[in-house]
Amino acid sequence: MSKDTFETLDPENWDEMRELAHRMVEDAFDYIQSCGDRPVWTPVPDEVSERLKGAAPTGPSAPAEVYEEFLANIMPYNLHTNHPRFWAWYMGSGTVMGAMADFLAAMLNPNVGGINHVAPRVEQQVISWLNEMLGFPASASGLLTSGASMANFTALTVARNANSGYDARREGVLAAPGPLTAYASTEIHSCNQKAVETLGLGSQGLRKVPVNDDYTIDLDALRAQVEADREGGMIPFCVIATAGTINTGAIDDMEAIADFCDEEGLWFHVDGAIGAVAVLADNVRPLLKGMERADSIALDLHKWMHIPFEAGCVIVRDAPTHSDSFSLVPEYLQRDVEGGGMASGKIWFSDYGLQLTRQFRALKVWMSIKEHGLDRFGRMIARNVEQAHYLGDLIKASPELELAAPIGLDIVCFRYNPGGMDPESLNALNRELLVKLQTGGIAAPSYTTLHGNYCLRAAISNHRSRYEDFDLMVEEVIRLGRQLS
Ligand SMILES: *Cc1c(COP(=O)(O)O)cnc(C)c1O
């Protein structure tokens, strides 16, 4: 084969590809800059769904044609998390620098499992920044993860192995002197239950403790449950406190749980997926006091820090305890720290989690934090909390609307209730109202059910939302509510 027909996966025509890349950047910037002008949600038409079911092509297509397909079939039906009235479930709204960094990370394509190169140092710096931000010691270890689900899983693995009173990593759960149990409130995020199940403890291994009226864990009930379980031959090993519950944004009493864990010899883990980064906000920081005493913490950077998906982080106070759960070094991964070659890397993140090959997700975090500085992230968080209370005030001022729970952080649960309707019809009305709000493309809150009451739930983790956006949603909810009742 002659040199110029040698086949690779590189562009056949570099100039054309470069031009196409510039078009992609232009289109992507147009998309982001006009994000508030389009409906907040556009369902995928049936014919597009059908088109996305074909078999894999065995031959090539022109790059420009592939891109046209993206423009026609994918881009318009995106989940527009970047829209100023996107308040569904709990997401972030992205940073432009973060998106560009993801492109650069993919172009550089390093493997951040370990090895002596620059990317692990970048990730280490990001983790040091987060350690300091959270008030953890500089010696704590950390790992960027896909999100809080993996961060919680990683931390709970360490908690189980470190604090069950025997060598759980070696001997497995069958050798446990009794059923191992972790504790959290009934408001705990489901990913923690999945983690406990995957760790071999069964769903019964996660003891769900009742909550107070404000949806924080009932500490007396926690104490009673741990005591009863010890008497019943169980082995309590961990309490999971939540800093910002998914339903209502409640923050468990961190200081009290830290004290309790000290007294009882329990591992103190914090699921801070939503609220941990709110230490940056002046109007939230005091509520998180005690979080810095945790043995481990899981947080999300793709929620209230708006880093493009996926980006989460786990931090463990005692680094050796962390690597004791995950380090496993066969000959093909041996390090040669003194050797000076590529194997002389000092930072091997594969010692701190399940993954070996890891993407350069640190770059988008590093570049976004450099661009904005932590203080601006803090101001965005503080404003969302103020907006939640602004929305709450609009709801309180409307006789047809009611708050369904105390406002926690940036989460507002409410419903349309004109009075005189039975509970079932009221739930049905609000369910229908939400669908109309979303399909109308107006605003995208989601929903939850509290004490049997179906309600709308706005999670205002959005740096593009303006106060007028809440006025608009409230007007529309009232208009739709009247139409439906
Ligand atoms: C979102 C969330 C999780 C799961 O995080 P992912 O990033 O979606 O994996 C865990 N806990 C809480 C409290 C959350 O809000």
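Note that this is a predicted model, so its numbers are computed, not measured. (Residues numbered from 1 in each chain as written. Predicted model: local features only at pLDDT ≥ 70, side-chain atom pairs only at ≥ 80, totals over all residues. Heavy atoms only, no water.)

### What to know about the overall build of the chain
The following threshold applies: What counts as a helix is a DSSP run of H or I of at least four residues, what counts as a strand is a run of E of at least two, and both are numbered from the N terminus. Using C-alpha atoms as the atom set, the radius of gyration is obtained and then compared with a globule rule of 2.2 Å times the number of residues to the power 0.38. Only protein chains enter the accessibility calculation, which uses a 1.4 Å probe. A residue is then buried if its area is under 20% of the maximum for its type, exposed if over 50%, and partly exposed in between. Note on contacts: a residue pair is in contact if any heavy atoms of the two residues lie within 4.5 Å. Each accessible area is a Shrake-Rupley estimate made with a 1.4 Å probe; only the visible protein chains count as cover when residues are assessed. Counting rule applied: Lys, Arg positive; Asp, Glu negative; His and chain ends not counted. By convention, the charge on Lys lies at NZ, on Arg at CZ, on Asp at CG and on Glu at CD.
A tally of helices and strands in the chain yields 14 helices and 12 strands. For the chain, the C-alpha radius of gyration of 25 Å lies close to 23 Å, the compact-globule estimate for 485 residues. Principal axes of the C-alpha set define a box for the chain whose edges measure 85 × 60 × 45 Å. Burial status across the chain gives 49% buried among its 485 residues. Sequence-distant contacts, at least 24 apart, represent 74% of the contacts inside the chain between residues at least 6 apart. Total accessible area computed for the chain in this model is approximately 23,200 Å², and 53% of it derives from carbon and sulfur atoms. Side chains of the chain give 39 positive and 65 negative charges; the mean places of these two sets differ by 1 Å.

### So, the sheet that holds strand E4 (residues 206–209)
Across a sheet, strands are paired by hydrogen bonds formed along the backbone, either parallel or antiparallel in direction. Applied cut-off: Pairing between strands is defined by DSSP: at least two bridges between the two strands are required. Structural elements are reduced to axes, namely lines fitted to C-alpha atoms, with helices fitted over the stretch in contact, and the angle between N-to-C directions of any two is expressed from 0 to 180 degrees.
What the 7 strands build is an open sheet, ordered E2-E8-E7-E6-E5-E3-E4; its pairing is mixed. Only two strands of the sheet have a single partner each, and these edge strands are strand E2 (141–145) and E4. For this sheet, the mean inter-axis angle between neighbouring strands, taken without regard to orientation, is 20°. When strand E6 (residues 267–272) meets strand E7 (residues 296–300), the two strands line up parallel, connected through 4 bridges. When the sheet's bridge partners are listed, His-269 is paired in E7 with Ser-296. Those strands touched by helix H5 (residues 118–134) are E2, E7 and strand E8 (312–316), and its axis lies near 115° from that of E2.

### Quick notes on unusual backbone geometry
Between Phe-309 and the following residue, Glu-310, the backbone shows a cis peptide bond with an omega angle of 0°. Its location among the elements puts Glu-310 in the loop between E7 and E8. A positive phi angle, close to 65°, is found at His-306, a residue other than glycine. Looking at the element boundaries, His-306 is found in the loop between E7 and E8. You can call His-306 buried: its relative accessible area is 2%.

### Brief notes about the site of the ligand
This is how it is decided: Whether a residue is near a molecule or strand depends on its heavy atoms: if one lies within 4 Å, it is near. Polar contact is the term for a pair of N or O atoms within 3.5 Å; when the atoms are in protein, one must be able to donate a hydrogen and the other to accept it, and sequence-neighboring residues count only if both atoms are side-chain atoms. By the convention adopted, Pro, Cys, Tyr, Trp, Phe, Met, Ile, Leu, Val and Ala count as nonpolar, Lys, Arg, Asp and Glu as charged, and the other residues, Gly among them, as polar.
Lining the immediate environment of the ligand, one finds 14 residues, of which Ser-149, Asp-271, Asp-300, His-302 and Lys-303 sit closest. Contact between the ligand and Ser-149: an oxygen atom at 2.6 Å from a side-chain N or O atom of the residue. Interatomic distance of 2.7 Å between a side-chain N/O atom of Asp-271 and a nitrogen atom of the ligand. For the ligand, the protein covers 87% of the area, taking 380 Å² as the surface of the free molecule. For the shell around the ligand, the leading source of residues is helix H6 (residues 148–162), giving 3 residues. Residue composition of the shell around the ligand, grouped by class: 5 nonpolar, 6 polar and 3 charged.

### Quick word on the pairing of strand E10 (residues 411–416)
Among the 6 residues that make up E10, 6 are buried, leaving the element largely enclosed by the rest of the structure. The alternating pattern of E10 places Ile-411, Cys-413 and Arg-415 and Val-412, Phe-414 and Tyr-416 on opposite faces, both of which are buried. Bridging between strand E9 (residues 401–403) and E10 involves 3 bridges; their strand directions are antiparallel. Along E10, the bridge assignment pairs Leu-403 with Phe-414. Bridge count for E10 against strand E12 (residues 453–459) is 4 bridges, and the pairing is antiparallel. Paired with Phe-414 across the two strands is Leu-456, which belongs to E12.

### So, the side chain of Asn-82
Mapped onto the fold, Asn-82 is located in the loop between helix H3 (63–74) and strand E1 (86–87). For Asn-82, a relative accessible area of 6% translates into the label buried.

These figures come from the coordinates and say nothing about function on their own.
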